[in-house]
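# Analysis of the macromolecular model
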Amino acid sequence: MDKNFDVIVIGGGPGGYVCAIRSAQLGFKTACIESRGTLGGTCLNVGCIPSKSLLNLSENYHKAQNEFNNLGIESSGVKLNLSKMMNNKNKSVLTLTKGVEYLFKKNKITYLKGTGSILSKNTVSVADESKKKISYQTKNIIISTGSIPSSLSGIKIDENNIVSSTGALSFNKVPKELIIIGGGYIGLEMGSIWKRLGSKVTVIEFLDHIIPGMDKDVSNEFLKILTKQGINFKLDSKVTSVNVLRNKTIVDFTNNKSAKRERIECDKVLVAVGRKSNIGSDIVKLGIKLEKEKIKVNNKFETNIKGIYAIGDCIHLGPMLAHKAEDEGIAVAEIIAGQAGHVNYDVIPAVIYTSPEVASVGKTEQELQKESIKYKVGKFPFLANSRAKVNNETEGFVKIIADEKTDKVLGVHIIGSHAGTMIAEMALAMEFGASSEDIARTCHAHPTHTEAVKEAALAVDKRPIHF
Ligand SMILES: Cc1cc2nc3c(=O)[nH]c(=O)nc-3n(C[C@H](O)[C@H](O)[C@H](O)COP(=O)(O)OP(=O)(O)OC[C@H]3O[C@@H](n4cnc5c(N)ncnc54)[C@H](O)[C@@H]3O)c2cc1C
């Protein structure tokens, strides 16, 4: 095999594999190194895809068990078969990871299986399972090594009693009692899955609210809805220790304000306190600069070493999200090809796939207040949207924040059953610099949940029709 490439990508996650495909499309001789044995990274193997599969299946189970009978669909006798559900999830993961392998073949990308390390700005070595190393030469290196779960000091994840999201995606039995440390999106998605399948779920969160950084209006509504669904919350609380004693796990925590100490005994603990960049020792040895333990890149995604680029979860820019990594993968390939690759970090949608879903793009009210930007707000509840009403999906609202003077949309926050899909329209509107008036004057199909977007835009100017 020829060992000379134009582009070598280290890491086959959404950042890396998309970058490899775009590089090949642009005519570069491209290789992608992946150590996990399958392509797709965290997202396809142990992140977005398996979690969304279980969210979908558990929601169907929960509805069949608790809601269908009231709607004239006789569904008594519905039973959970967890191993079948897990098999279905695994099948989805396999199909999608194999799909990426097919795309590599189609685009003539060399897939190097093993662990990559950068020896110099033009040389990468790949160690296979037997630790045998082969070196490759390349004009450009793209680091896309992603992220790994973080823990708290003194808490060791064993993926048995104390698990990360990876372990929580593969429990072979529904835990009777599950404690989740961290009220971020991963903790709440996992909590929703296991609550619907029968666990008693308690979320312990250090802050006094869930989902750090989320618009407060939405976060308060979200907390109310999840509490109504039966998830227990211990906010403003610091976990002080987690100990395993005869297969029971004991979690001690203290309330930040009252200093009251509490202890809960449970079957499983999920540590969902965030993720950290996956920085190999080769990166440190080469002297690649970091910022807050993430790889620092310039506006061309280049590190401080010319010809070595980085993208995705391992860099200091933007949120740790798969679509952000993908867009950076495309942008960096285009930049290397002399084109104008670009990522607009002001318009990156974020979605939480609970029921209802929560989605946002742009600024929150709190961010605008900090920046002393004057704004106006339009809100419209799904309770007044006809489609949401007939579907019994009336929880939540659409909130549009627009500049007080120019009316330009600065942020959109949606909590509702189709929020994740609806946010795309808002991202597009913001990319085109739309005003709330532009959205209000765009014809939206009836009856759809998206009419709530039009109404929220009308509400910015205090003229909603149906509320
Ligand atoms: C439970 C969970 C749910 C999530 N849900 C969502 C969601 O719904 N939507 C969303 O946008 N994001 C979601 N994410 C986040 C998303 O998975 C990441 O943002 C995304 O995978 C980042 O892509 P990446 O390519 O930067 O890194 P990764 O996907 O982490 O891929 C990096 C790859 O590099 C490989 N690698 C590392 N070092 C080396 C090396 N030296 N040699 C060879 N290979 C190496 C790793 O094995 C890995 O496969 C979720 C994450 C988790 C954990």
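Everything below is about the structure printed above this text.
Attention in this report is confined to the structure presented alongside it.

The rules behind the values
Residue numbers run consecutively from 1 along every chain, following the written order of its sequence. Whole-chain, interface and lining totals are the exception, using all residues; otherwise, since this is a predicted model, local features are given only for residues with pLDDT of at least 70 and side-chain atom pairs are given and counted only at 80 or more. Side-chain figures throughout are based on the complete set of non-hydrogen atoms in the structure, without hydrogens or water. What counts as a helix is a DSSP run of H or I of at least four residues, what counts as a strand is a run of E of at least two, and both are numbered from the N terminus. Each residue is assigned to one of three classes by its accessible area relative to the maximum for its type, calculated with a 1.4 Å probe on protein chains only: buried under 20%, partly exposed between the two thresholds, exposed over 50%. What qualifies as a polar contact is a pair of N or O atoms within 3.5 Å, subject to a donor-acceptor requirement within protein and to the restriction that residues adjacent in sequence count only when both atoms come from side chains. Whether two residues are in contact is decided by their heavy atoms, any of which lying within 4.5 Å being enough. We define a salt bridge as a side-chain nitrogen of Lys or Arg found within 4 Å of a carboxyl oxygen belonging to Asp or Glu. Any two strands are treated as partners once DSSP identifies two or more bridges connecting them. Each axis is a line fitted through C-alpha atoms, and for a helix only the stretch in contact is used; angles between axes span 0 to 180 degrees, taken between their N-to-C directions. Take the far helix as the reference: if the near one is turned anticlockwise from it by less than a right angle, the crossing is left-handed, and if turned clockwise, right-handed. Think of it as three bins: nonpolar holds Ala, Val, Leu, Ile, Met, Phe, Trp, Tyr, Cys and Pro, charged holds Asp, Glu, Lys and Arg, and polar takes everything else, Gly as well. Counting rule applied: Lys, Arg positive; Asp, Glu negative; His and chain ends not counted.

Below, the discussion takes up the side chain of Thr-202. On the secondary structure map, Thr-202 appears in strand S10 (residues 200-204). Exposure remark for Thr-202: the relative accessible area of 3% places this residue in the buried category. At 3.4 Å, the side chain of Thr-202 and the side chain of Asn-232 are in polar contact. Not counting residues within four places of it along the chain, the set of residues in contact with Thr-202 comprises Glu-177, Leu-178, Ile-179, Ile-180, Asn-232, Lys-234 and Ile-264.

Bringing the pattern of salt bridges into the picture now. For the coordinates displayed, the defined rule picks out 25 salt bridges. Between Lys-139 and Asp-6 there is a salt bridge whose closest N-O contact spans 3.0 Å. Linking Lys-139 in strand S6 (residues 133-143) with Asp-6 in strand S1 (residues 4-10), this pair joins segments that are 133 residues apart in sequence. Of the residues examined, Lys-139 reaches a relative accessible area of 57% and is grouped as exposed. One connected set of salt bridges, linked through shared partners, spans Asp-215, Asp-217, Glu-365, Lys-379 and Lys-399.

We now examine the sheet that holds strand S12 (residues 237-245). Judged by pairing direction, the sheet is antiparallel, and its three strands sit side by side in the order S12-S13-S14 without closing on themselves. Among the strands making up the open sheet, the edge pair consists of S12 and strand S14 (261-266). Here the strands of the sheet are splayed against their neighbours by 20° on average, with no regard to which way each runs. The sheet contact formed by strand S13 (residues 248-255) and S14 spans six bridges and is antiparallel. Counterpart to Thr-254 in the pairing with S14 is Arg-261.

This next bit is on the packing of helix H3 (residues 48-66) against helix H4 (residues 82-106). Where H3 meets H4, the axes come as close as 9 Å, and the angle between the chain directions of the two elements is 145°. By crossing handedness, the relation of H3 to H4 is classed as right-handed. In this structure, H3 uses Ile-49, Pro-50, Ser-53, Leu-54, Leu-57, Ser-58 and Tyr-61 to contact H4, whose residues at the interface are Met-85, Met-86, Asn-88, Lys-89, Ser-92, Val-93 and Leu-96. Along the lines of polarity and charge, the residues of the contact of H3 with H4 split into nine nonpolar, four polar and one charged.

Two pairing modes exist for strands in a sheet, parallel and antiparallel, and in both the strands are linked by backbone hydrogen bonds. Taken together, the five strands give an open sheet; going across it, the order is S8-S15-S9-S10-S11, and neighbouring strands pair in parallel fashion. Looking at the sheet topology across the chains shown, the edges are occupied by strand S8 (162-163) and strand S11 (232-234). Two elements, S10 and S11, share three bridges in a ladder whose sense is parallel. Across the sheet, residue Thr-202 finds its bridge partner in S11, namely Asn-232.

Attention now moves to the side chain of Glu-205. Topologically, Glu-205 is positioned in the loop between S10 and helix H7 (216-228). Here Glu-205 is buried and forms no salt bridge, its nearest opposite-charge partner Lys-216 lying at an N-O distance of 11 Å. Here the side chain of Glu-205 touches Leu-207 through a polar contact of 2.8 Å, landing on its backbone nitrogen. The contact partners of Glu-205, leaving out residues within four places of it in the chain, are Gly-182, Gly-183, Gly-184, Lys-234, Leu-235, Asp-236 and Ser-237.

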